[in-house]
Amino acid sequence: MSTIANLRDALRNQGKAKDESRTAGEGVWANYVRATCWPEQPQDVEHLNAKHKELVQELCQYGDLTKEEKNSLRSAKSVIAKAITNNVGVWQVGDDGYIVRNVVTDEPMPKGKSELQEGKTDFQRLMGFIDSARRKLESDTLEPLSADEIGELATAASQVAHALIQMQDA
């Protein structure tokens, strides 16, 4: 089965055995990395965006993607984009310097998402949370919030802002 077909299958079954597929290198993440970064990892985010767009069009030939499937692809793209920006390779490399391959399928094995994200500083992580929250608040998919939920979010945001001001003054 092709990488695209494997990815489509993994997207359809992503709720089932999620952890199993991650460790086996057969899930959404592994197949997305193979589809966008093999045989050559994009050198910049613009090339990744172009490959992502082509991939989505190709996947749509198997049927429309659900919102969850699109979100999974965007999440994977985001991790790879950060790796590219930080000049980090996405492939597991053995002691011999060669890309590690799956012993059954002979496909290249990507690093895990968490491994690629480990290189982030605390500042980068905090900015990521803030940026994600801002994007969600500005998105068309935001579920309606109750007055209590809005108040709780505002309180949490003000507590973070207060803690940062205290750090700045220290």
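Residues numbered from 1 in each chain as written. Predicted model: local features only at pLDDT ≥ 70, side-chain atom pairs only at ≥ 80, totals over all residues. Heavy atoms only, no water.

S.K.: Before we go on, may I ask you to explain the pattern of salt bridges in this structure?
M.R.: Any two side chains of opposite charge can pair, given that their charged atoms come close. Enumeration according to the criterion identifies three salt bridges in this entry. Between Arg 101 and Asp 106 there is a salt bridge, with its nearest N and O atoms 3.2 Å apart. In this structure Asp 106 comes out as partly exposed when scored by relative accessible area, which is 47%. (Salt bridge = Lys/Arg side-chain N within 4 Å of Asp/Glu carboxyl O. Buried < 20%, exposed > 50% of the residue type's maximum accessible area, 1.4 Å probe, protein only.)

S.K.: Even after reading the chapter, I still don't get the packing of helix H1 (residues 3-12) against helix H5 (residues 67-85), so can you show me in this structure?
M.R.: Between two packed helices, what matters for the description is the angle formed by their axes and the separation of those axes. One way to put it is that H1 packs onto H5 with a least axis distance of 10 Å and a crossing angle of 120°. The orientation of H1 relative to H5 falls into the category oblique. Relative to H5, the crossing made by H1 is right-handed. Facing Leu 7, Arg 8, Leu 11 and Arg 12 of H1, the residues of H5 in contact are Glu 69, Ser 72 and Leu 73. Split by residue class, the contact of H1 with H5 holds three nonpolar, one polar and three charged. (Axes fitted to C-alpha atoms, helices over the stretch in contact; angles between N-to-C directions. Helix = DSSP H or I, 4+ residues; strand = E, 2+ residues; numbered from the N terminus. Parallel < 35°, antiparallel > 145°, perpendicular 65-115°, else oblique. Left-handed = near helix turned anticlockwise from the far one by under 90°. Contact = heavy atoms within 4.5 Å. Nonpolar A, V, L, I, M, F, W, Y, C, P; charged D, E, K, R; others polar.)

S.K.: Sorry, what's going on with the state of the cysteines here?
M.R.: Two cysteines whose sulfur atoms are joined by a covalent bond form what is called a disulfide. Taken as a whole and judged by the stated rule, the model has zero disulfides. Cys 37 provides the cysteine sulfur closest to Cys 60, a residue in no disulfide bond, and the two sulfurs are 19 Å apart. (Disulfide = S-S within 2.5 Å.)

S.K.: Sorry, what's going on with the environment of Lys 113 here?
M.R.: Along the chain, Lys 113 turns up in helix H6 (residues 113-117). Judged by its relative accessible area of 26%, Lys 113 is partly exposed. When the C-alpha atoms of Lys 113 and Ile 4 are compared, they prove to be 19 Å apart, with 109 residues separating the residues in sequence. Those residues in contact with Lys 113 that sit more than four places away from it in its chain are Trp 29, Ser 75, Ala 76 and Val 79.

S.K.: Help me out: how do you make sense of the confidence of the model for the protein chain in this one?
M.R.: Low-pLDDT portions of the prediction should not be read for the details of their coordinates. Considering every residue of the protein chain, the mean pLDDT works out to 85; 91% of them sit at 70 or more. Considering only residues more than four positions removed or in separate chains, one finds that residues 19-24, a stretch of pLDDT under 50, has four contacts. (pLDDT = per-residue confidence, 0-100.)

S.K.: Just checking my understanding: could you explain the side chain of Lys 111 for this structure?
M.R.: Along the chain, Lys 111 falls in the loop between H5 and H6. Buried and unpaired, Lys 111 has Glu 115 as its nearest opposite-charge partner, separated by 4.9 Å. Within polar-contact distance, the side chain of Lys 111 engages the backbone oxygen of Gly 89 at 3.1 Å. Setting aside residues up to four positions removed in sequence, Lys 111 forms contacts with Trp 29, Val 88, Gly 89, Val 90, Trp 91, Gln 92 and Leu 116. (Lys, Arg positive; Asp, Glu negative; His and termini not counted. Polar contact = N/O pair within 3.5 Å; in protein donor to acceptor, adjacent residues only side chain to side chain.)

S.K.: I tried to follow the packing of helix H4 (residues 45-60) against H5 on my own but got confused; where do I start?
M.R.: One can describe the packing of H4 onto H5 by two numbers: an axis separation of 10 Å at closest approach and a directional angle of 160°. By the angle between their axes, H4 is roughly antiparallel relative to H5. Between H4 and H5 lies a crossing of right-handed hand. Packed against H4, whose contacting residues are Val 45, Leu 48, Asn 49, His 52, Val 56 and Leu 59, the element H5 presents Leu 73, Arg 74, Lys 77, Ile 80, Ala 81, Ile 84 and Thr 85 at the interface. Of the residues assigned to the contact of H4 with H5, the class counts are eight nonpolar, three polar and two charged.

S.K.: So what exactly am I meant to see when it comes to a negative patch on the surface here?
M.R.: Residues Glu 143, Asp 148, Glu 149 and Glu 152 make up a contiguous surface patch of negative charge. Examined against the element boundaries, Glu 149 turns out to sit in helix H8 (residues 147-169). (Patch = residues over 30% accessible without salt bridge, like charges linked within 9 Å, V, L, I, M, F, W, Y side chains within 5 Å. Areas by Shrake-Rupley, 256 points an atom, 1.4 Å probe, with all protein chains shown as cover. Charge placed at Lys NZ, Arg CZ, Asp CG, Glu CD.)

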